[in-house]
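# Breakdown of the fold
Read off the chains here:
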Amino acid sequence: PTNHLDLPSIKWIENYLADYEGAVIIVSHDREFLDRTTNTTVEVLGGKLVPYAGNYTYYLEEKEERNLIQKGAFENQQSQIRAAERFIERFKAKASKAKQAQSRVKALDKLERIEDVAQDAAKINMKFTFKVEPGRHVLRMEHVTKKYDQKLIFRDTNVHIERGDKIALIGANGKGKSTLMRLVAGTENPTEGKHQLGHNVIMSFYAQHQLESLTLDNEILQEMSEAGSKRNDMELRSVLGSFLFTGEEVFKKIKVLSGGEKSRVALAKTLISEANFLLLDEPTNHLDMVSVNILIQALEQYEGTFIVISHDRFFVENVATKIWYIEDFQLKEYPGTYAEYEQWQEDREKAAKKAGLPSPSAPKPQPKEEKKVEAAPAKTSSPDQKKALRELAEVEANIDKLEKEMAIYEKQLADPKIYQNTSQLKDTTVKFEQTKKELVKLNDRWEMLAEM
Ligand SMILES: Nc1ncnc2c1ncn2[C@@H]1O[C@H](COP(=O)(O)OP(=O)(O)OP(=O)(O)O)[C@@H](O)[C@H]1O
Ligand SMILES: [Mg+2]
């Protein structure tokens, strides 16, 4: 529900839900919103619904813990499997051990495999580049006034963009952000004022409703190749790979894609254009956290100039070095990151209060509330099963150790020289026999535990 919404509107929903007495299910990628409105989190993962007894922050912490446990269990099982496989390989042809080897084969077949932890911290593995370097001044607009009929959006404002600027344009719904972006792009004309694009500037525009410009009957790869870049299919597939479309997925039709998948295609199209000036109007709408991180990485390595419009504080903080906002029908610039801008706004408001003035009308970030959720620990396997698993690992390790010893004794006994030294022969034979007995016992125990 929070896509496109500005901060005050999100806050309003948060308050509404806090007083709402019914049950609520929310689908959202906005972590702060989720933290303030939910007490249970369900992740859709590998075709299953995985519940967590807490809000989003709890989910993150608990997931990390579960991942650690799963990773440990996975690695443990893998080493057990390797040991069993070694055992089978070694003894399958040996009559005296054939039965044990056979039962290990059975146990291996029956073994419920623990899956490795899925890696979801996707890394972008390509560079979005351009061949043509623009001049120092990317864009100038002077004395711009914009009206829709009688409605004033901008009054005599100036816009100046230099090469390498990384700008985030923020502010409330309806303030005129998208309008300004269209004026910059030149897809709309100002009521008054002039628009002067710099030398060699090549622009690529991701509009707020860009998804609607995708061709529904196209397959993803086809959509990309029609975007007008000169890249071949292999290069396009590598771009799509960075945006998490792999293998056969690139042949999916646009019309069957989810909202976030469509956004990823539209963004990939915008970024491959070899433009040296990007205009991105709310690119993170619909994107999940992994995809937002991909976009952040893409913009971090991009050496051109860009303006992004966004209500996502995390995203803005990570990509922009200049903040633009709209106040009194004018475009204003704060030369710093979002965190610095936030601090500056706070100070400015305090100062205004002290002086008894009304607070400035610039967009105000919401204070962060801390909310702790008590949650029950996650359910895992029963204590008996855990104990059995632990013992199984111990037994396995012992078998491994004894097998190594056996190999040494066997080698010694196979050496003709030992038969000249009776005491050593006796000693080794006794040890060999003992170890063998011990191994039979351990193997039986292993079989029993593996059946559990
Ligand atoms: N073509 C148009 N005709 C009339 N009014 C328009 C037109 N385009 C935009 N407006 C109005 O101009 C104002 C600014 O719109 P704009 O889309 O620029 O806002 P925004 O800051 O991008 O908001 P949001 O955060 O919701 O995307 C709004 O009140 C909108 O209704
Ligand atoms: Mg807009």
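Quantities reported herein were computed from a predicted structural model and do not represent experimental measurements. (Residues numbered from 1 in each chain as written. Chains lettered and ligands numbered in written order. Predicted model: local features only at pLDDT ≥ 70, side-chain atom pairs only at ≥ 80, totals over all residues. Heavy atoms only, no water.)

## Observations regarding the pairing of strand β9 (residues 305-309)
The condition is simple: Relative accessible area decides the class of each residue, using a 1.4 Å probe on protein chains only: under 20% of the type maximum gives buried, over 50% gives exposed, and in between gives partly exposed. Runs of H or I in DSSP of at least four residues are treated as helices and runs of E of at least two as strands, each being numbered from the N terminus. Should DSSP find at least two bridges between two strands, the strands are taken to pair. With strands facing away from the observer, any crossover in which the path from the first strand over the helix to the second runs clockwise is taken as right-handed.
Across the 5 residues that make up β9, a large majority, 5, are buried. Sheet topology places strand β8 (residues 277-281) next to β9; 5 bridges connect them, and they run parallel. Its bridge partner being in β9, Asp 281 is matched across the sheet by Ile 309. Note that the unit made of β8, helix α9 (residues 289-301) and β9 has a crossover that is right-handed.

## Thoughts on the site of ligand 1
Here is the rule: Near is defined per residue: the residue qualifies when any heavy atom it owns lies within 4 Å of the molecule or strand. For this analysis, a polar contact is any N or O atom pair within 3.5 Å, provided that within protein one partner can donate a hydrogen and the other can accept it, and provided that sequence-adjacent residues contribute only side-chain to side-chain pairs. Areas reported here follow the Shrake-Rupley algorithm with a probe of radius 1.4 Å; residue values treat only the protein chains shown as occluding. Only Asp, Glu, Lys and Arg are considered charged, only Ala, Val, Leu, Ile, Met, Phe, Trp, Tyr, Cys and Pro nonpolar, and every remaining residue, Gly among them, polar.
As a structural note, the neighbourhood of ligand 1 is formed by 15 residues, with Asn 173, Gly 174, Lys 177, Ser 178 and Thr 179 the closest of them. Between ligand 1 and Lys 175 there is a distance of 3.3 Å, counted from an oxygen atom to a backbone nitrogen or oxygen. Here Thr 179 contributes a side-chain N or O atom positioned 2.6 Å from an oxygen atom of ligand 1. Considered on its own, ligand 1 offers 640 Å² of accessible surface; in the complex 65% of this is hidden by protein. With 4 residues, helix α5 (residues 177-185) is the largest single contributor of residues to the shell around ligand 1. Its residues placed into classes, the shell around ligand 1 shows 3 nonpolar, 7 polar and 5 charged.

## Overview of empty space enclosed by the protein
To keep it simple, the criterion reads: In this analysis a 1.4 Å probe is tested at points of a 1 Å grid over the protein atoms alone, and where it fits but cannot get out there is a cavity; an open set with protein on both sides within 12 Å along at least five of seven lines is a pocket; lining residues have an atom within 4 Å of a point. Grid points are joined across faces, edges and corners, and a volume is the space filled by probe spheres set on the points.
Using the criterion set out here, one finds 1 cavity of 30 Å³ or more in the structure. The calculated volume of the largest cavity comes to roughly 80 Å³. If you go around the largest cavity, the residues you meet are Gln 80, Ile 81, Ala 84, Ala 107, Leu 108, Leu 111, Leu 392, Glu 396, Trp 446 and Ala 450. Going through the elements one at a time, α3 (56-91), α4 (98-110), α12 (383-414) and α13 (422-451) are the ones with two or more residues in the lining of the largest cavity. Looking at the lining of the largest cavity, the element that brings in the most residues is α3, giving 3 residues. Across the lining of the largest cavity, the residue classes tally to 8 nonpolar, 1 polar and 1 charged.

## What about the nonpolar core?
Note the cut-off: Residues enter a nonpolar core if they are buried and are Ala, Val, Leu, Ile, Met, Phe, Trp, Tyr or Cys, with the set joined through side-chain atoms within 4.5 Å. Only heavy atoms matter for contacts: two residues are in contact if any of them lie within 4.5 Å across the pair.
The biggest cluster of nonpolar side chains holds 48 residues, and the ones touching the most others in it are Phe 128, Phe 243, Leu 299 and Ile 323. Sorting elements by how many residues they give to this core places α9 first, with 6 residues. If we skip the residues at most four places from it in the chain, Leu 299 touches Leu 278, Leu 280, Phe 306, Val 308, Phe 315 and Val 319.

## A short note on the coordination of the magnesium ion (ligand 2)
This is how it is decided: Note on donors: an N, O or S atom is included if it sits within 2.8 Å of the metal, or within 3.2 Å for Na, K and Ca, and water is never included, so sites can look incomplete.
Surrounding the magnesium ion (ligand 2) are the protein donor atoms Ser 178 (OG) and Gln 208 (OE1), which sit 2.0 to 2.1 Å from the metal. Note that Ser 178 is positioned in helix α5 and Gln 208 in the loop between β7 (203-206) and α6 (220-225), a separation of 30 residues in sequence. Using a relative accessible area of 15% as the deciding quantity, one classes Ser 178 as buried.

## With respect to the sheet that holds β8
The following threshold applies: Axis definition: a line fitted to C-alpha atoms, over the contacting stretch in the case of helices. Angles run 0 to 180 degrees between N-to-C directions.
Spatial strand order, β7-β8-β9-β5-β10-β11: 6 strands in an open sheet with mixed pairing. A single partner strand is all that each edge strand has here, and the edge strands are β7 and β11 (330-334). Looking at each pair of strands side by side, their axes are set apart by 20 degrees on average, direction ignored. Pairing between β7 and β8: 4 bridges, direction parallel. Across the sheet, the residue bridging to Met 203 is Phe 277, located in β8.

## Structural notes on the packing of α3 against α4
Applicable threshold: Two helices that cross are described as forming a left-handed crossing if the nearer one is turned anticlockwise from the farther one by less than a right angle, and a right-handed crossing if clockwise.
Axis separation between α3 and α4 bottoms out at 9 Å; the angle between their running directions is 145 degrees. Our pair here, α3 against α4, has a crossing hand that is left-handed. Facing Ile 81, Ala 83, Ala 84, Glu 85, Phe 87, Ile 88 and Phe 91 of α3, the residues of α4 in contact are Ala 98, Gln 100, Ala 101, Arg 104, Val 105 and Leu 108. Its residues assigned to classes, the contact of α3 with α4 comprises 10 nonpolar, 1 polar and 2 charged.

## Concerning α5
With respect to burial, α5 is a largely interior element, 8 of its 9 residues being buried. Immediately downstream of α5, the backbone of Gly 186 shows phi near 85 degrees, a positive value.

## Notes on the domain arrangement of the protein
Interfaces are often sized by the amount of accessible area the parts lose when they come together. Just so we agree on the cut-off: Where each domain begins and ends is defined by an automated method or by a domain database. The quantity reported as buried area is the accessible area (1.4 Å probe) lost by two parts once they are put together, taken as the sum for both. For this document, the term salt bridge refers to a Lys or Arg side-chain nitrogen within 4 Å of an Asp or Glu carboxyl oxygen.
Each domain of the protein was delimited in the assignment, giving domain 1 (7-61), domain 2 (137-354) and domain 3 (382-452). Inter-centroid distance (C-alpha atoms) of domain 1 to domain 2 is 27 Å. Listed as interface residues are 7 residues of domain 1 and, on the opposing side, 9 residues of domain 2. Interface area for domain 1 against domain 2, summed over the two sides, is near 790 Å², with a carbon-plus-sulfur share of 54%. Viewed at the interface, domain 2 and domain 1 are joined by 1 salt bridge. Note that Arg 313 and Glu 32 form a salt bridge whose closest N and O atoms lie 3.4 Å from each other. Remark: the boundary between domain 1 and domain 2 carries 2 residue pairs in polar contact (both at pLDDT 80 or more). The set of elements that each furnish at least two residues to the side of domain 1 that touches domain 2 consists of α1 (7-19) and α2 (31-37). Class assignment of the residues belonging to the side of domain 1 that touches domain 2 gives a composition of 2 nonpolar, 2 polar and 3 charged.

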